[in-house]
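# Coordinate analysis (summary)
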Amino acid sequence: MAAIGPKIYRLLPIACCALFLSHATAQSLTFGLYGRLGPDNLTPTVEATLPLGDLDLSARLQRDALGLGLGGALEFSALGRLSYSARVSLGLVGWGLQAAAGGALGPLAANLEAAYSNTLRSRLWVGDEAEGGLKLGLGGRYRLDPRQTLGLQLGFKNDLAGIARGAAELSYALRQEQTYTFGLGVDDSRLYGLLGWRGELDEAGTLLEATLRAGQLGRLEAALTTPLDEELNNLKLHLTLSYPWAATLGVEVYSLLAEARYDNGFSLWIRYKLIFGGNP
Amino acid sequence: MKKLLAIAVLCLGLAMAQSVAEITRQVQTNMDRSPWEATITGKIQLPDGSSQEAEFKLQVIPGKEQLARVEFKKPAALEGNFVVISDKEVWNYLFLTNQLIIQPRAKARIEGLGFNLTDLGDFQELTERLTLRLLGEQNTPAGAAWRIQGTPKDASLGFASMEILVLKSDPRPLAITLRDSSNKLLADLSFNNFRRANLTAQALRKRPADAEVLRRN
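Residues numbered from 1 in each chain as written. Chains lettered and ligands numbered in written order. Predicted model: local features only at pLDDT ≥ 70, side-chain atom pairs only at ≥ 80, totals over all residues.

## Digging into the overall build of chain A
- Looking only at helices and strands, chain A features two helices and 18 strands.
- A separation threshold of at least 6 residues defines the contact pool for chain A, and within that pool the share at least 24 residues apart is 32%. (Helix = DSSP H or I, 4+ residues; strand = E, 2+ residues; numbered from the N terminus. Contact = placed C-beta atoms within 7 Å.)

## A word on the interface of chain B and chain A
- Each partner contributes residues to the interface: chain B has 34 residues there, and chain A has 31 residues.
- Taken together, the elements giving at least two residues each to the side of chain B that touches chain A come down to β5 (89-94), β6 (99-104), α3 (201-204) and β12 (212-215) of chain B.
- Sorting elements by how many residues they give to the side of chain B that touches chain A places β6(B) first, with four residues.

## Brief notes about the confidence of the model for chain A
- For chain A, per-residue confidence averages 89 on the pLDDT scale, and residues scoring 70 or more make up 89% of the total.
- Contacts of residues 1-5 of chain A to residues separated by more than four positions or lying in other chains number zero contacts, the stretch itself having pLDDT below 50. (pLDDT = per-residue confidence, 0-100.)

## A closer look at the environment of B:Val84
- Here B:Val84 lies in strand β4 (residues 82-86).
- Along the chain, B:Val84 and B:Leu130 lie 46 residues apart, while their C-alpha atoms are 24 Å from each other.

## Re the sheet that holds β4(B)
Residues and elements named next belong to chain B.
- The mixed open sheet is built from 12 strands, whose spatial order is β7-β8-β9-β10-β11-β1-β2-β3-β4-β5-β6-β12. The sheet is open, and its two borders are formed by β7 (130-140) and β12, each paired with just one other strand. Mean inter-strand twist for the sheet, computed between neighbouring axes without regard to direction, equals 20 degrees.
- Two elements, strand β1 (residues 36-45) and strand β2 (residues 51-61), share 10 bridges in a ladder whose sense is antiparallel. Within β2, the position partnered with alanine 38 by the bridge is leucine 58. (Pairing = 2+ DSSP bridges. Axes fitted to C-alpha atoms, helices over the stretch in contact; angles between N-to-C directions.)

## Notes on the nonpolar core
- Residues B:Leu58, B:Val83, B:Val166 and B:Leu174 are the most contacted members of the largest nonpolar core, which totals 53 residues.
- B:Val166 has contacts with B:Ile23, B:Val27, B:Ala145, B:Trp146, B:Ile148, B:Pro171, B:Arg172, B:Pro173 and B:Leu174, leaving out every residue within four places of it along the chain.
- Core analysis: the second largest hydrophobic core is formed by 10 residues, A:Tyr34, A:Ala59, A:Leu61 and A:Leu66 among them. (Core = buried A, V, L, I, M, F, W, Y, C linked by C-beta atoms within 7 Å. Buried ≥ 20, exposed ≤ 12 C-beta atoms within 10 Å, placed from the backbone.)

## Digging into the pairing of strand β9 (residues 161-167) of chain B
Residue and element names in this part refer to chain B.
- Judged by how many residues are buried, β9 sits mostly within the fold: five of seven residues are covered.
- Bridging between strand β8 (residues 143-152) and β9 involves six bridges; their strand directions are antiparallel. Bridge pairing links glutamine 149 to glutamate 163 in β9.
- One ladder, built from six bridges, connects β9 with strand β10 (residues 173-179); its direction is antiparallel. Paired with valine 166 across the strands is proline 173, a residue of β10.
- Connecting β9 to the antiparallel partner β10 that follows it, the hairpin turn spans five residues.

Structural data, given as structure tokens:
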């Protein structure tokens, strides 16, 4: 009994979520199960979004932690949009805050993100990175003309051990039938080059995007997406391989999302998403 | 004599009003006959007040399941962006962020562009929200055209007056001019390369498969 007591207590966030949902009409609900090889590393996950006037309230829960977020956007139709969001996460092991803003207007797109947590963010939400402390990110894209786009990403991290790291990446994308991307970056004083390709493979609109970062660090990202119907359902496969060794393999089909990951240990996360509401 | 004149003016007024209604009906029947596409070019005013060259392709499938797609070519900053308008919802695709924003039709207004793009594909809906007056006829390179003026019945359309040229021989819009309350030009657009086309809903809804889909209520 003594062992069961704390376990029930740790599932409280999930119960809170059920209560939250029973009093509200959610717009989307995602149920998941995350497991990582090792003791005590299995948790259910629940994500919910709920319209609140012009804002969107979001909740995400897992064993030992819950997060609440609020986001909104100003839409300018084909001219662009501005979005903003904030989230607070609370868990038995710590807390975290995150704020983001982004937008595109005419030829310019920019996004800004700031996060702080006093524990690893992955312990507050299994989908987040296994890093804690302060994280700042700034990204921008500028269209030189209809075919050419410049991109800039800047990042700064100051982790829980007080170690600061900076990152910067400059890229140039040329769109012809396909899009070719070239770039240079530096991440924690490791230099790398960037090569990217994105294009449709067939009439049905199957799209492949691959990006390789190689140099003093290595990372290959590839995503293949095929539209399945006119209801915006897709089959999406994505793969990330990086050195120092880490890998992710993901599949999304209709409402099902599965992701297998190796990052100092194997993990698997399977989710099922339900969409409700007046705007199907 | 004065009474006769008044009756004559009234009759003339009624005849003009009827003919505007008749022209509108003819345009609607003609546009609803089959799917069509046109290139729309001209000038539009941007939110910052500057005037920009505009060019976009308009594709329309009329009928019960009406669908329209507006694809931007100019201004260059908007090239690749498109809007898909159905009865229920409006899709906005932003090239630069690869996002597809889906909104209910009723909410998907365009602030700052001077007019609502969602009205362009539905002539009947547009004319129902305007008080129309036939100004006369005009010769254009495409042939003789009616000049019709429209004044919005309420302020929600985003412009104060509209003038539209309708081709007589094949009743369809040739040009459209929108002005604000201080008579400043908001949009001056002409319909070119009009043609009947074999359009499908699938083609009009085409989008990059990997676009991030964002639903807004």
